[in-house]
Amino acid sequence: MAKTQIKSRKRVQDHGEVFTNEREVNAMLDMVKAETERIESRFLEPACGDGNFLIEVLRRKFDVVTSKYGSNKSDWQHYAWLAVSSIYGVELLEDNTCACRERLYKFVCDSHPFAVDGLFRESVRFVLSKNILTGDALTMSQADGTPTTFAEWSFVRGDRVKRRDYQLAHLLAANAKVGEQLGLFDSLNTEYDESRNELVPKAVREYPLRNWWEVAQDG
Ligand SMILES: C[S@@+](CC[C@H](N)C(=O)[O-])C[C@H]1O[C@@H](n2cnc3c(N)ncnc32)[C@H](O)[C@@H]1O
């Protein structure tokens with residue numbers, strides 16, 4: 001049965017909540033098809049609802065993971081974890097955020113027999129709790145006023161992951177071109193990377209290296 005695009009007239013009026021149907025989602029994702037099929041490609045959806053775009057990106061990435069690594073458990077889990085950890089969303093309404101996390105989690109759990117592993121599932125759940133956040137994408141803050149902060153997960157050696165946290169506002173400020181005039185706040189939170197000739201954001205927190213199945217230890 002087709003998924004409904006509207007929950008209530010009030011939610012449409014108050015929050016512009018009209019969900020995109022699967023056919024349109026896929027037509028739009030096809031415009032960046034190669035990126036959607038790159039396992040480590042990072043996607044952030046700033047008004048993600050219950051995840052109509054994110055689930056399709058994940059599905060495409062998982063097709064690649066399973067076709068390349070579907071016969072080896074440790075490889076499959078490594079690349080499946082990489083695919084999940086590179087997907088991000090912000091959503092204003094808490095019920096949508098929870099639905100989005102659950103939907104992505106369930107998709108992962110049902111995707112392959114290797115996903116049955118408890119440590120794998122626990123780590124995926126933790127990553128989703130850090131990557132899919134309730135917040136206002138315009139003010140880039142959460143309901144309590146604290147800045148929206150995302151975790152960047154990078155494999156550095158084998159299964160070892162480096163986590164660095166960045167404020168969304170700093171990430172966007174760093175997108176400004178070199179030579180553009182930046183506000184004082186922006187310039188304090190970005191630094192110039194000579195090798196890339198661009199501004200890069202400064203992490204607000206760094207964590208010790210962990211295996212991917214241990215990242216929840218840092219909270
Ligand atoms: C048009 S719906 C699209 C949802 C989803 N992207 C999709 O295509 O199915 C817009 C979503 O943005 C959320 N939203 C509205 N204002 C927002 C804001 N300032 N920051 C984050 N999310 C917002 C709404 O709650 C709603 O879920």
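Residues numbered from 1 in each chain as written. Predicted model: local features only at pLDDT ≥ 70, side-chain atom pairs only at ≥ 80, totals over all residues. Heavy atoms only, no water.

Further remarks concern the packing of aromatic side chains. Taken as a whole, this structure holds twelve aromatic pairs when the rule is applied. Seen from their ring centres, Y88 and F150 are 5.3 Å apart, and the 80 degrees between their planes marks the pair as edge-to-face. On the criterion of sequence distance, the pair formed by Y88 in strand 2 (residues 87-91) and F150 in strand 4 (residues 149-157) is long-range, its members being 62 residues apart. The exposure class of Y88 is buried, given its relative accessible area of 6%. A residue is classified by how much of its surface remains accessible, and F150, at 4% relative accessible area, is buried. On the numbers, 5.8 Å between centres and 85 degrees between planes, the contact of F120 with W212 is edge-to-face. Highlighted residues: F120 in helix 7 (residues 118-131) and W212 in the segment after strand 9 (210-211), separated in sequence by 92 residues. In this structure, F120 and W212 share a single accessibility class: buried. An aromatic cluster of at least three residues, connected via ring pairs, comprises F62, W76, W81, F107, F114, F120, F126, W153, F155, W212 and W213. Taking NZ or CZ as reference, R125 lies 3.8 Å from the ring centre of Y105, over its face. Above the plane of the ring of Y207 lies R163, whose end atom (NZ or CZ) is 3.9 Å from the centre. (Phe/Tyr/Trp six-rings, centres within 6.5 Å; stacked < 30°, edge-to-face > 60°. Helix = DSSP H or I, 4+ residues; strand = E, 2+ residues; numbered from the N terminus. Buried < 20%, exposed > 50% of the residue type's maximum accessible area, 1.4 Å probe, protein only. Lys NZ or Arg CZ within 6 Å of the ring centre and 35° of its normal.)

Let us look at a nonpolar patch on the surface. Taken together, the side chains of M28, M31 and V32 define a hydrophobic patch exposed on the protein surface, amounting to about 320 Å² of accessible area. Relative to the assigned elements, V32 resides in the loop between helix 2 (22-29) and helix 3 (33-36). (Patch = residues over 30% accessible without salt bridge, like charges linked within 9 Å, V, L, I, M, F, W, Y side chains within 5 Å. Areas by Shrake-Rupley, 256 points an atom, 1.4 Å probe, with all protein chains shown as cover. Salt bridge = Lys/Arg side-chain N within 4 Å of Asp/Glu carboxyl O.)

Pairing is parallel in the open sheet, where three strands are placed in the order 1-2-3. Edge positions in the sheet fall to strand 1 (43-45) and strand 3 (132-134), since each has one partner strand and no second. Across this sheet, the average inter-strand angle for adjacent strands is 10 degrees, counted without regard to direction. Two elements, strand 2 and strand 3, share three bridges in a ladder whose sense is parallel. Within strand 3, the residue paired with G89 across the bridge is I132. On the sheet, helix 4 (residues 52-69) packs against strand 1, strand 2 and strand 3 and is oriented at approximately 175 degrees with respect to strand 2. Sheet strands in contact with helix 7 are strand 2 and strand 3, and its direction is about 45 degrees off that of strand 3. (Pairing = 2+ DSSP bridges. Axes fitted to C-alpha atoms, helices over the stretch in contact; angles between N-to-C directions. Contact = heavy atoms within 4.5 Å.)

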